[in-house]
Amino acid sequence: MIIWAIVPIKPIQTAKSRLSAVLTPHQRSDLALKLLQNTLNILAGWNPLAGTLVVSADPAVWEMASHYQVGIFKEPDAPGLNESLRRATSEIGRMGAEGVLVIPGDLPFLDHPGLQKLIDLAGQPPMVAIAPDKNQQGTNALLVSPSGVIPYCYGPDSFRKHQEAARRAHIPFYAIDLASLAIDIDLPEDLLSIQQWLR
């Protein structure tokens, strides 16, 4: 199974806007870059993946990604997350991808064992697997095989929407709770969970 990871990244200057009450713009940008660096350290060159593609319209993201063993998909505009992912999926399809693993760039506790548990589910396509966020609402990791078998449904309540998309397509769906993938950094209270990580 040839699986590529896709890492979509918003422009760094506008990242983590919901933390504006507790962090300055510089602190938010610095946090977003640190989280991205952590993600690329985990994914770049990891053997179970055929490759990793960073998707962004931000030159600062391209610059950071250029230091890793990853591809860079430079978005010419800002079409929205779901359309960006559709475009990136088409790109890795041309490179032979049979499955896609979408990983956001803000999972501080991302690790190989958790990712491997997801990838182990990809042996018998078609399939869709999700590691939801701690509130069972967001999609913190999405594995789809074959690539593009369901539309991307990121946005509010994406966990349920992706599950419904799999059901409509009559595709087996797996939800797997993984502590290493459950924590993302969106709200001020999320910062409490990563104090030691930040240090």
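Predicted model, so just to flag it, every value in this text is computed and none were measured.

Participant: I tried to follow the overall build of the protein on my own but got confused; where do I start?
Facilitator: Helix and strand counts for the protein come out as seven helices and seven strands. Counting helices and strands in the order they occur from the N terminus, the protein gives β-α-β-α-β-α-β-α-β-β-α-β-α-α. Computed over its C-alpha atoms, the radius of gyration of the protein comes to 16 Å, within 12% of the 16 Å expected for a compact globule of 199 residues. Overall, the C-alpha framework of the protein stretches about 45 × 35 × 30 Å when taken along its three principal axes.

Participant: Even after reading the chapter, I still don't get the pattern of salt bridges, so can you show me in this structure?
Facilitator: Pairing is possible between side chains of opposite charge, provided their charged atoms come close. Scanning all chains against the criterion turns up six salt bridges. Linking E75 and R87 is a salt bridge whose minimum nitrogen-to-oxygen distance equals 2.8 Å. Of the two residues, E75 is situated in the loop between β3 (71–74) and α3 (81–94) and R87 in helix α3; the sequence distance between them amounts to twelve residues. For E83, the salt bridge identified is with R86, shortest N-O distance 2.6 Å. Residue E83 and its partner R86 are located together in helix α3, separated by three residues, close to a single helical turn. Each of E75, E83, R86 and R87 takes part in one network of salt bridges that share partners.

Participant: Looking at this model, I keep getting lost on the packing of aromatic side chains. Mind explaining?
Facilitator: A ring pair, where both rings are aromatic, is described by two values, the distance of the centres and the angle of the planes. Applying the stated criterion across every chain yields a total of two aromatic pairs. Where F159 meets F173, the ring centres are 6.2 Å apart and the plane angle is 40 degrees; that geometry is what we call tilted. Of this pair, F159 sits in helix α5 (residues 158–168) while F173 is found in strand β7 (residues 173–175), placing the two residues 14 residues apart along the sequence. Of the residues examined, F159 reaches a relative accessible area of 10% and is grouped as buried.

Participant: Got a minute to help me understand the nonpolar core in this structure?
Facilitator: One broad rule of soluble globular proteins: the nonpolar side chains tend to lie buried together. Judged by nonpolar contacts, the single largest core of 36 residues is most densely connected at L101, L115, L118 and L181. At the level of elements, β1 (3–8), α1 (25–43), α2 (59–65), α4 (112–119), β5 (127–132) and β6 (139–145) are the ones that each hand at least two residues to this core. The element contributing the most residues to this core is α1, with five residues. Discounting chain neighbours no more than four positions away, the residues touching L118 are L101, A129, I130, A131, A141, L143, I176, L178 and L181.

Participant: Just to check I follow, could you spell out the environment of P76 for this structure?
Facilitator: You can see P76 is positioned in the loop between β3 and α3. Separated by 69 residues in the primary sequence, P76 and S145 place their C-alpha atoms 27 Å from one another.

Participant: Help me out: how do you make sense of α3 in this one?
Facilitator: Structurally, the α-helix is built with 3.6 residues per turn, so residues lying three or four positions apart point the same way. The terminal C-alpha atoms of α3, which comprises 14 residues, lie 20 Å apart, in line with the 20 Å expected from a rise of 1.5 Å per residue. Among all positions in α3, only S84, L85, A88, T89 and I92 are buried. For α3, the angular spread of buried residues about the axis comes to 135 degrees, placing them on one side. Along its buried surface, α3 packs onto β1, β2 (51–56), β3 and β4 (99–102).

Participant: Where do I start with the layout of surface pockets in this structure?
Facilitator: To locate leftover empty space, one rolls a probe as large as a water molecule over the atoms. In this structure, the largest pocket spans a volume of roughly 1200 Å³. Contributing to the lining of the largest pocket are 45 residues, with K10, R18, L81, D106 and D186 lying nearest its centre. Among the elements of the structure, α1, β2, α3 and β6 are those that each provide at least two residues to the lining of the largest pocket.

Scoring rules and cut-offs
- Residues numbered from 1 in each chain as written.
- Predicted model: local features only at pLDDT ≥ 70, side-chain atom pairs only at ≥ 80, totals over all residues.
- Heavy atoms only, no water.
- Helix = DSSP H or I, 4+ residues; strand = E, 2+ residues; numbered from the N terminus.
- Rg over C-alpha atoms; globule rule 2.2 N^0.38 Å.
- Salt bridge = Lys/Arg side-chain N within 4 Å of Asp/Glu carboxyl O.
- Phe/Tyr/Trp six-rings, centres within 6.5 Å; stacked < 30°, edge-to-face > 60°.
- Buried < 20%, exposed > 50% of the residue type's maximum accessible area, 1.4 Å probe, protein only.
- Core = buried A, V, L, I, M, F, W, Y, C linked by side-chain atoms within 4.5 Å.
- Contact = heavy atoms within 4.5 Å.
- Expected span 1.5 Å × (residues − 1).
- Arc of directions from axis to C-beta.
- 1 Å grid on protein atoms, 1.4 Å probe; cavity = no way out; pocket = protein on both sides within 12 Å on 5 of 7 lines; lining within 4 Å.
- Points joined across faces, edges and corners; volume = space filled by probe spheres on them.

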